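Tertiary structure, described
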Amino acid sequence: MRAQTNPTVEELQNFFNGQQLLITYRDGEVLYGTYYFLEVHYCPNGYYGLYGRTVKRTVLDNEQRSNWQEYGTWKITSRDDLNGIEYVATTGAQQFYPLYKLPNGDMFLQEGITIVKQGLAICQ
């Protein structure tokens, strides 16, 4: 099995630019953890729209659901010799995520997080 590599800035730009992605992960335990579903639209002009949804099962076997939206700017950049994506939300929150390329061409953030292309981004 071949190891993952850090993709070039150009590879990342081509992967994200103009795309709608679904990013999913779980936080916490399998039974009572919170499941996150993030639909992110990466617009060519550098803006993004994130539509988030969570589902959490309670000890009483109910489901707690929540939804939220976030907007801001995105760019592909390098930090500490790793290429990745940087977000700056309209709230001022800023985050950098290094990304890795799997042998099959998919992008990888970290174990337990899936990134799936959903089509073209909806941008105005």
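Counting from 1, residues in each chain are numbered in the order their sequence is written. The predicted nature of this model means local features are confined to residues of pLDDT at least 70 and side-chain atom pairs, given and counted, to a pLDDT of 80 or more, with totals for whole chains, interfaces and linings taken over all residues. To obtain the side-chain values, all non-hydrogen atoms of the structure were used and water was disregarded.

1. Some remarks on the state of the cysteines
As a reminder of what qualifies: Two cysteine sulfurs form a disulfide in these notes if their separation is within 2.5 Å. Counting from the N terminus, the helices are DSSP H or I runs at least four residues long and the strands are E runs at least two residues long.
Summed over all chains, the structure comprises one disulfide. Each sulfur of the disulfide joining C43 and C123 lies 2.1 Å from the other. Measuring handedness by torsion sign, the sulfur bridge of C43 and C123 sits at about -100° and is left-handed. Linking C43 in the loop between β2 (34–42) and β3 (47–57) with C123 in the segment after β9 (114–120), this pair joins segments that are 80 residues apart in sequence.

2. Examining the nonpolar core
Counted only if it meets this: Here the nonpolar core consists of buried residues drawn from Ala, Val, Leu, Ile, Met, Phe, Trp, Tyr and Cys, with membership extended through side-chain atoms lying within 4.5 Å. Burial status follows relative accessibility: with a 1.4 Å probe on protein chains alone, a residue under 20% of its type maximum counts as buried, one over 50% as exposed, and anything between as partly exposed. Note on contacts: a residue pair qualifies if any of its non-hydrogen atoms lie within 4.5 Å across the two residues.
By size, the foremost hydrophobic cluster in this structure holds 20 residues, and its most contacted members are F16, Y42, W74 and I85. When residues of this core are traced back to their parent elements, those giving at least two are α1 (9–16), β1 (19–27), β2, β3, β4 (63–79) and β5 (82–89). Aside from chain neighbours lying at most four places away, what touches I85 is F16, Y42, W74, K75, I76, Q95, F96, Y97 and L99.

3. Description of a nonpolar patch on the surface
To keep it simple, the criterion reads: In this analysis, a patch consists of residues with relative accessible area above 30% that form no salt bridge, clustered at 9 Å for like charges and at 5 Å for the nonpolar side chains Val, Leu, Ile, Met, Phe, Trp and Tyr. Method for areas: the Shrake-Rupley scheme with a 1.4 Å probe, in which residue coverage is limited to the protein chains shown. Criterion for a salt bridge: a side-chain nitrogen of Lys or Arg within 4 Å of a carboxyl oxygen of Asp or Glu.
On the surface, L31, Y32, V59 and L60 cluster together to form a nonpolar patch covering roughly 440 Å² of accessible area. Along the chain, Y32 falls in the loop between β1 and β2.

4. Considerations on the packing of aromatic side chains
As a reminder, the rule being used: Centres within 6.5 Å make a pair out of two Phe, Tyr or Trp rings, where for Trp the six-membered ring is used; the pair is then stacked when the planes are under 30 degrees apart, edge-to-face when over 60, and tilted otherwise.
Enumeration according to the criterion identifies ten aromatic pairs in this entry. Plain terms: the ring middles of F16 and W74 are 6.4 Å apart, the flat faces sit at 50° to each other, and that makes the pair tilted. Of this pair, F16 sits in helix α1 while W74 sits in strand β4; the two residues are 58 residues apart in sequence, bridging distant segments of the chain. A ring pair is formed by Y42 and Y87, whose centres lie 6.2 Å apart and whose planes are at 40°; its orientation type is tilted.

5. A word on the pattern of salt bridges
The tally for this structure, following the rule as stated, stands at six salt bridges. A salt bridge links E11 to K101; its shortest N-O distance comes to 2.7 Å. Of this pair, E11 sits in helix α1 while K101 sits in strand β7 (residues 100–101), and the two are 90 residues apart along the sequence. Two residues, E63 and R57, come together in a salt bridge whose shortest N-O distance is 3.1 Å. On the basis of relative accessibility, which here comes to 38%, the residue E63 falls in the partly exposed class. Here the residues in one salt-bridge network are R57, D61, E63 and R65, joined through shared partners.

6. Observations concerning the pairing of β5
Quick note on the threshold: A pair of strands is treated as paired once DSSP finds two or more bridges between them.
Where burial is concerned, most of β5 is hidden: six out of the eight residues are buried. Relative to β5, β4 runs antiparallel, the two sharing eight bridges. Each residue of the ladder has a partner; that of R79, found in β5, is L82. Counted between consecutive antiparallel strands, the loop separating β4 from β5 contains two residues, among which D80 sits at a positive phi close to 50°. In terms of strand pairing, β5 meets strand β6 (residues 94–98) through five bridges, oriented antiparallel. Following the sheet pairing, G84 is matched in β6 by P98. In this antiparallel pair of consecutive strands, β5 and β6, the connection spans four residues, and G92 shows a positive phi of 100°.

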